[in-house]
Amino acid sequence: GGAVGGGGGAVGGGGGAQDGGADGGVDGGVDGGKVGCTDAGTFTLAYRSPRSVVNHPSAVDWVDGGLVGGEDGLVASTAQELQLGQTTTALVVTGFGFNVPQHAEIDSITLRIKRAASASGIADYRLQLVLGGFVRGEFAPGGAWPLSQADATYTLIAAGWTRDMVNDASFGVSLVAVNGGTTGARPLVDLVSITVQARVPGGYFGPVTATQVINFLVGGSGYAAWDHPEYAQQDDGGLATATVVFGQESQWLYFDNFSLVGAPNLPLSGVVFELKRKASGSGTVADSLVQLAPNGTFAGAPKSVVGPWSATETWVRYGSVNDLWGISTSTLASFDVGVAVVGTSGLATAEVNVGRLTLFYNTSMQAYTSAGTGSTGSAFPRAWTNPAGAALANDSQAATTAALTRKDLTELLLATGFGFAVPDDATIDSVDVEVVRRASGSGVVEDREVRLFVGGTSMSDNAAIAGAWDTNFRVQTYAFPGTKLIPADVNAVDFGVGLVAQSPGGVIPATPLVDAVRARVTYTCQ
């Protein structure tokens with residue numbers, strides 16, 4: 001069986017000799033000149049391992065990214081055309097220079113891109129908001145790019161975004177395009193701008209602290225009392241505490257008389273109460289109710305923030321600049337606030353440092369629009385580390401530099417140098433590839449591209465298989481039947497197999513690991 005690799009390329013007699021072992025003939029057949037068929041029939045060579053596995057850049061870089069700041073016909077494009085299924089690297093646009101005022105609350109963020117394609121097929125692959133180099137939000141991708149410059153807009157409801165975040169110099173957008181057409185094409189971007197919609201108060205009063213803080217009895221012996229409620233009057237490190245077990249509620253920690261003396265005589269539009277708080281103990285505690293008591297009487301709709309209290313002291317905000325909690329504002333003289341907690345597991349202690357109140361007036365919606373300046377350099381796609389670890393099944397694997405999330409792609413993992421010695425006058429019937437692979441982490445890794453390559457050029461259809469990679473190493477087989485390859489292709493030292501993995505979306509990370517790549521060839525001699 002070892003005759004496939006012997007003596008400078010002798011294919012050997014009989015069908016069995018052409019099925020030589022995977023290790024016996026890595027050097028054979030390639031250096032010994034052309035060898036014709038010696039027997040008629042169909043032959044399948046044994047699976048062979050590659051001599052080389054490398055990280056091969058698969059995305060196309062952007063050029064002239066700095067031109068996206070002006071609607072002037074000067075465009076950012078790519079260094080070369082994208083081929084079918086190929087993506088760009090990330091065009092990261094920052095430096096928008098927003099100056100959203102203090103106390104403004106971000107309502108929405110709208111992205112506007114003026115773009116075109118040099119030929120049909122270019123489309124959005126991924127559009128993300130970034131801050132400090134980290135992804136902080138995603139826009140739903142649009143459709144195909146037009147052949148002449150036109151606007152596309154994308155809107156994100158900006159829950160969790162603050163004016164400090166959008167004002168940061170690192171705030172921006174990351175854009176990746178893909179070619180889903182049948183011919184090569186370039187993306188062309190003329191302008192990237194962002195509009196921030198914010199609720200901006202015309203004035204405010206506060207923050208103020210309560211005149212006193214007391215334990216307000218609810219009634220019944222089952223409610224946990226607050227110890228030292230007076231410690232929550234000032235931000236001085238003293239803590240009001242209440243210890244609860246699972247299902248037990250506390251009495252009210254009652255912040256009495258946030259005086260409105262000196263408040264402006266303007267229409268009230270919002271009330272914000274902030275609590276500096278934490279939890280301790282083996283269990284967990286959560287909000288039961290946080291409720292306003294205008295003029296000393298509980299009224300309106302109570303608030304709560306979902307989830308357990310943090311073990312780290314944190315300011316937590318209730319209400320907003322345009323939220324009146326369902327109260328009447330016609331005869332306000334003072335505000336009180338009551339805070340009650342509930343045990344959600346085990347034994348836990350709620351600890352409150354201080355509470356403070358701020359009133360907002362004449363809140364209106366304001367829009368802030370600015371263009372940015374683009375550059376590349378983000379980690380997209382993810383490179384493979386230790387790619388040579390995928391040459392043989394052992395304790396060394398190829399993995400990505402970081403876990404995949406949010407539609408991340410890997411670079412191409414390209415395995416070459418299989419050392420096949422198919423007779424020169426044979427017909428290639430098929431190529432089969434085995435990949436030993438798994439995913440590490442709680443997220444999902446999938447195939448995106450699995451193709452045959454010669455000289456770095458794809459020579460096959462995409463054989464990617466739908467479905468998530470297993471979390472244990474499994475052998476996945478890919479079939480390339482009816483290939484148009486000729487013997488010189490599969491015998492070439494740069495014949496190989498390329499794999500691109502992807503995250504289908506979502507924020508839970510997972511890392512692709514490849515332990516081995518093997519290939520075999522089936523051919524027919526007449």
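Residues numbered from 1 in each chain as written. Predicted model: local features only at pLDDT ≥ 70, side-chain atom pairs only at ≥ 80, totals over all residues. Heavy atoms only, no water.

1. Here we look at the overall build of the protein
Argument step 1. A count of helices and strands for the protein gives three helices and 31 strands.
Argument step 2. Taking 526 residues into account, the globule formula puts the C-alpha radius of gyration at 24 Å, and the protein, at 32 Å, lies well above it.
Argument step 3. Dimensions of the protein, computed from C-alpha atoms along their principal axes, come out at roughly 105 × 60 × 30 Å.
Argument step 4. Buried positions account for 49% of the 526 residues belonging to the protein.
Argument step 5. In the protein, of all internal contacts separated by at least 6 residues, the share reaching a separation of at least 24 is 83%.
Argument step 6. When the accessible surface of the protein is totalled, it reaches about 21500 Å², and 51% of it is carbon and sulfur.
Argument step 7. Distance from the positive charge centre (28 side chains) to the negative charge centre (46 side chains) of the protein: 2 Å. (Helix = DSSP H or I, 4+ residues; strand = E, 2+ residues; numbered from the N terminus. Rg over C-alpha atoms; globule rule 2.2 N^0.38 Å. Buried < 20%, exposed > 50% of the residue type's maximum accessible area, 1.4 Å probe, protein only. Contact = heavy atoms within 4.5 Å. Areas by Shrake-Rupley, 256 points an atom, 1.4 Å probe, with all protein chains shown as cover. Lys, Arg positive; Asp, Glu negative; His and termini not counted. Charge placed at Lys NZ, Arg CZ, Asp CG, Glu CD.)

2. Focus: the environment of Ala-421
Argument step 1. Its location among the elements puts Ala-421 in the loop between strand S25 (412–416) and strand S26 (427–441).
Argument step 2. Take Ala-421: its relative accessible area is 7%, and that puts it in the buried class.
Argument step 3. Along the primary structure Ala-421 and Val-521 are separated by 100 residues, whereas in three dimensions their C-alpha atoms are 9.8 Å apart.

3. Focus on the sheet that holds strand S21 (residues 364–371)
Argument step 1. If you walk across this open sheet you meet the four strands as S9-S6-S11-S21, and the pairing is antiparallel. With one partner strand each, in any of the chains shown, strand S9 (150–157) and S21 form the two edges of the open sheet. Mean inter-strand twist for the sheet, computed between neighbouring axes without regard to direction, equals 20°.
Argument step 2. Relative to strand S11 (residues 187–200), strand S6 (residues 105–117) is paired through 12 bridges, and the arrangement is antiparallel. Bridged to Ile-106 within S11 is Ala-198. (Pairing = 2+ DSSP bridges. Axes fitted to C-alpha atoms, helices over the stretch in contact; angles between N-to-C directions.)

4. Considerations on the pattern of salt bridges
Argument step 1. Taken as a whole, this structure holds 20 salt bridges when the rule is applied.
Argument step 2. As a salt-bridge pair, Lys-114 and Glu-71 come within 3.2 Å of each other at their nearest N and O atoms. Highlighted residues: Lys-114 in strand S6 and Glu-71 in the loop between strand S3 (62–63) and strand S4 (77–78), separated in sequence by 43 residues.
Argument step 3. Classification of Glu-71 by relative accessible area gives partly exposed; the value is 44%.
Argument step 4. A salt bridge links Arg-451 to Glu-449, with the nearest nitrogen and oxygen atoms 2.4 Å apart. (Salt bridge = Lys/Arg side-chain N within 4 Å of Asp/Glu carboxyl O.)

5. With respect to the pairing of strand S19 (residues 334–345)
Argument step 1. Most of S19 is tucked away: 10 of the 12 residues are buried.
Argument step 2. Relative to S19, strand S15 (residues 252–259) runs antiparallel, the two being bridged by five bridges. Note that in S19 the partner of Phe-258 across the bridge is Phe-335.
Argument step 3. Pairing of strand S17 (residues 284–294) with S19, which is carried by 10 bridges, proceeds in the antiparallel orientation. Opposite Ala-286, over in S19, you have Val-342 as the bridge partner.

6. What to know about the environment of Leu-111
Argument step 1. Relative to the helices and strands, Leu-111 is located in strand S6.
Argument step 2. Here the alpha-carbon distance between Leu-111 and Gly-455, two residues 344 residues apart in the chain, equals 40 Å.
Argument step 3. Once residues lying within four places of it in the same chain are set aside, the contact partners of Leu-111 are Leu-127, Phe-139, Ala-152, Thr-153, Tyr-154, Val-173, Val-192, Ser-193 and Ile-194.

7. Some thoughts on the sheet that holds S19
Argument step 1. In spatial order, the strands read S13-S15-S19-S17; together these four strands make up an open sheet with antiparallel pairing. The outermost strands of the open sheet, each flanked by one partner alone, are strand S13 (212–216) and S17. Strand-to-strand twist across the sheet, computed as the mean angle between neighbouring axes with direction ignored, equals 25°.
Argument step 2. Across five bridges, the pairing between S13 and S15 is antiparallel. What sits directly across from Phe-216, in S15, is Trp-252.

8. Observations concerning the packing of aromatic side chains
Argument step 1. Under the criterion given, the structure shown has 18 aromatic pairs.
Argument step 2. Arranged with centres 6.2 Å apart and planes meeting at 55°, the rings of Phe-98 and Phe-171 form a pair that is tilted. One end of the pair, Phe-98, is in the loop between strand S5 (91–94) and S6; the other, Phe-171, is in the loop between helix H2 (163–167) and strand S10 (172–179), with 73 residues separating them in the sequence.
Argument step 3. With relative accessibility at 7%, the residue Phe-98 sits in the buried group.
Argument step 4. On the basis of relative accessibility, which here comes to 0%, the residue Phe-171 falls in the buried class.
Argument step 5. In this structure an aromatic cluster arises from ring pairing among Phe-96, Phe-98, Trp-161 and Phe-171.
Argument step 6. Cation over ring: Arg-356 sits above Trp-315, and NZ or CZ is 3.8 Å from the ring centre.
Argument step 7. Between the NZ or CZ atom of Lys-407 and the centre of the ring of Tyr-125, over which it lies, the distance is 4.6 Å. (Phe/Tyr/Trp six-rings, centres within 6.5 Å; stacked < 30°, edge-to-face > 60°. Lys NZ or Arg CZ within 6 Å of the ring centre and 35° of its normal.)

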